[in-house]
Amino acid sequence: MEELKERKAAVLDQITQAAHLSQRSPNEITLIAVTKTWPIEVILAAYEAGLRHFGENRTFELAEKRPLIEAQLGQDSGIQWHFIGHLQSRKAKEVAQFADTFHALDRVKIAKKLQTHLGEINRRLNVFIEVNVSGEMSKSGVLCSQWENDATQQADLRKVAKAVLDAPNLKLVGIMTMAPWGAPPSDIKTIFSRTRQLARWLENDVKCQRPLNLSMGMTDDFDIAISEGATHIRVGRALFGDRRK
Ligand SMILES: *Cc1c(COP(=O)(O)O)cnc(C)c1O
């Protein structure tokens, strides 16, 4: 518990520093504590330490942990649950039922599935569209590697955004991206910068609520992401140490 508090303080310090370096307020940045693979005792300790946003990337973990945490802390604990992982359509029901915000929507089909389930249970879900700006084949997300001058990529992203905007129980709140693995900081910075510009392009193109938020930055690169405008950072190891298998 003491160690968690220290790690959290260090992360908050790093957020404040990165924000100030780019003339931003640290209050603009939401820290999502990524608790994947960690048991609910760790989530309860993180709650105790003051964290309120939790991120999971497997539907079964989310579906298992949220009810257990609510049994302990009640439904008005102030916790927001973020589903940050890739979603297969047959698992959409769990996300509709247990997530408050989904960070990795990348297909029209998923938007439709989520809408169907959300409509049935009368819930709403905030949505980030995941974009693959680096172009790595291993990454999911709408391919936006050349979005600045590729009309097909622009049209694909527009289609997904419109599907979200057309779904009454979904709310388009931003776009999400992941930095290329092991790339030098200057390359990572470029990807985050291009993602910010993509958000500005998209909000103008589809005339949605603006500004769109930017979910980008993890343990190794959240300071770079903040310098490029991240509003939501997803941090696991810096808070909890190396993950359990
Ligand atoms: C695991 C994960 C994170 C957190 O990664 P760390 O390196 O532990 O900070 C962030 N985003 C996604 C999508 C993840 O799967």
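Let me begin by describing the structure that accompanies this report.

Calculation notes
Residues numbered from 1 in each chain as written. Predicted model: local features only at pLDDT ≥ 70, side-chain atom pairs only at ≥ 80, totals over all residues. Heavy atoms only, no water. Buried < 20%, exposed > 50% of the residue type's maximum accessible area, 1.4 Å probe, protein only. Helix = DSSP H or I, 4+ residues; strand = E, 2+ residues; numbered from the N terminus. Pairing = 2+ DSSP bridges. Right-handed = clockwise from strand over helix to strand, strands pointing away. Expected span 1.5 Å × (residues − 1). Contact = heavy atoms within 4.5 Å. Near = heavy atom within 4 Å. Polar contact = N/O pair within 3.5 Å; in protein donor to acceptor, adjacent residues only side chain to side chain. Nonpolar A, V, L, I, M, F, W, Y, C, P; charged D, E, K, R; others polar. Core = buried A, V, L, I, M, F, W, Y, C linked by side-chain atoms within 4.5 Å.

Let's talk about the pairing of strand 9 (residues 232-235)
At step 1: Neither face of strand 9 is open: one carries His232 and Arg234, the other Ile233 and Val235, and all of them are buried.
At step 2: Where strand 1 (residues 30-34) and strand 9 come together, four bridges link them in parallel fashion. Across the sheet, residue Ala33 finds its bridge partner in strand 9, namely Val235.

Digging into the pairing of strand 7 (residues 170-176)
At step 1: For strand 7, the buried fraction is high: six of the seven residues fall into the buried class.
At step 2: Across six bridges, strand 5 (residues 125-132) lies against strand 7 in parallel orientation. Bridge pairing links Phe128 to Gly174 in strand 7.
At step 3: For strand 7 and strand 8 (residues 213-215), the ladder comprises three bridges, and the chain directions are parallel. By the bridge assignment for strand 8, Met176 is matched with Ser215.
At step 4: For the crossover from strand 7 across helix 7 (residues 185-205) to strand 8, the handedness is right-handed.

Considering helix 1 (residues 2-21)
Because each turn of an α-helix spans 3.6 residues, side chains separated by three or four positions end up pointing in the same direction.
At step 1: Taking 1.5 Å per residue, 20 residues should reach 28 Å; helix 1 reaches 29 Å between its end C-alpha atoms and fits that length.
At step 2: Its buried side turned inward, helix 1 meets strand 1, helix 2 (40-48), helix 8 (222-227), strand 9 and helix 9 (237-240).
At step 3: Looking at the residues trailing helix 1, positive phi occurs at Gln23, about 55 degrees.

Let's talk about the site of the ligand
At step 1: Around the ligand, the surrounding shell consists of Val34, Lys36, Asn57, Ile84, Met178, Met218, Thr219, Arg234, Val235, Gly236, Arg237 and Arg243.
At step 2: Taking Lys36, its side chain carries an N or O atom lying 2.7 Å from an oxygen atom of the ligand.
At step 3: Residue Arg243 places a side-chain N or O atom 2.7 Å away from an oxygen atom belonging to the ligand.
At step 4: Its residues assigned to classes, the shell around the ligand comprises five nonpolar, three polar and four charged.

Re the nonpolar core
At step 1: If you look at the biggest cluster of nonpolar residues, it comprises 79 residues, and the most contacted ones within it are Phe102, Leu105, Leu114 and Ile129.
At step 2: The dominant element in this core, judged by the number of residues it contributes, is helix 7, at seven residues.
At step 3: Setting aside residues no more than four positions away along its own chain, Phe102 makes contact with Phe83, Gly85, Leu87, Val95, Ile110, Leu114, Leu125, Asn126, Val127 and Phe128.

Observations concerning the environment of Gln72
At step 1: With respect to the helices and strands, Gln72 occurs in helix 3 (residues 59-73).
At step 2: As a C-alpha pair, Gln72 and Asn126 span 54 residues in sequence and 25 Å in three-dimensional space.

Quick look at unusual backbone geometry
At step 1: Looking along the chain, the bond that leaves Arg210 and enters Pro211 is cis, with omega of -5 degrees.
At step 2: Following the sequence through the fold, Pro211 ends up in the loop between helix 7 and strand 8.
At step 3: Residues other than glycine seldom take positive phi values, yet Gln23 does so here, at roughly 55 degrees.
At step 4: Assignment of secondary structure puts Gln23 in the loop between helix 1 and strand 1.
At step 5: A positive phi angle, near 55 degrees, is found at Asn122, a position not held by glycine.

Examining the side chain of Glu61
At step 1: With respect to the helices, strands and loops of the structure, Glu61 is situated in helix 3.
At step 2: Beyond its immediate stretch of four places on either side in the chain, Glu61 contacts Thr35, Lys36, Thr37, Trp38 and Glu56.

Focus on the environment of Arg24
At step 1: For Arg24, the location among the structural elements is in the loop between helix 1 and strand 1.
At step 2: For Arg24, a relative accessible area of 13% corresponds to the buried category.
At step 3: Note: C-alpha distance between Arg24 and Ser227 (203 residues apart in sequence) is 8.5 Å.
At step 4: Excluding its chain neighbours within four sequence positions, the residues that come into contact with Arg24 are Ala19, Ile29, Ile226, Gly229, Ala230 and Thr231.

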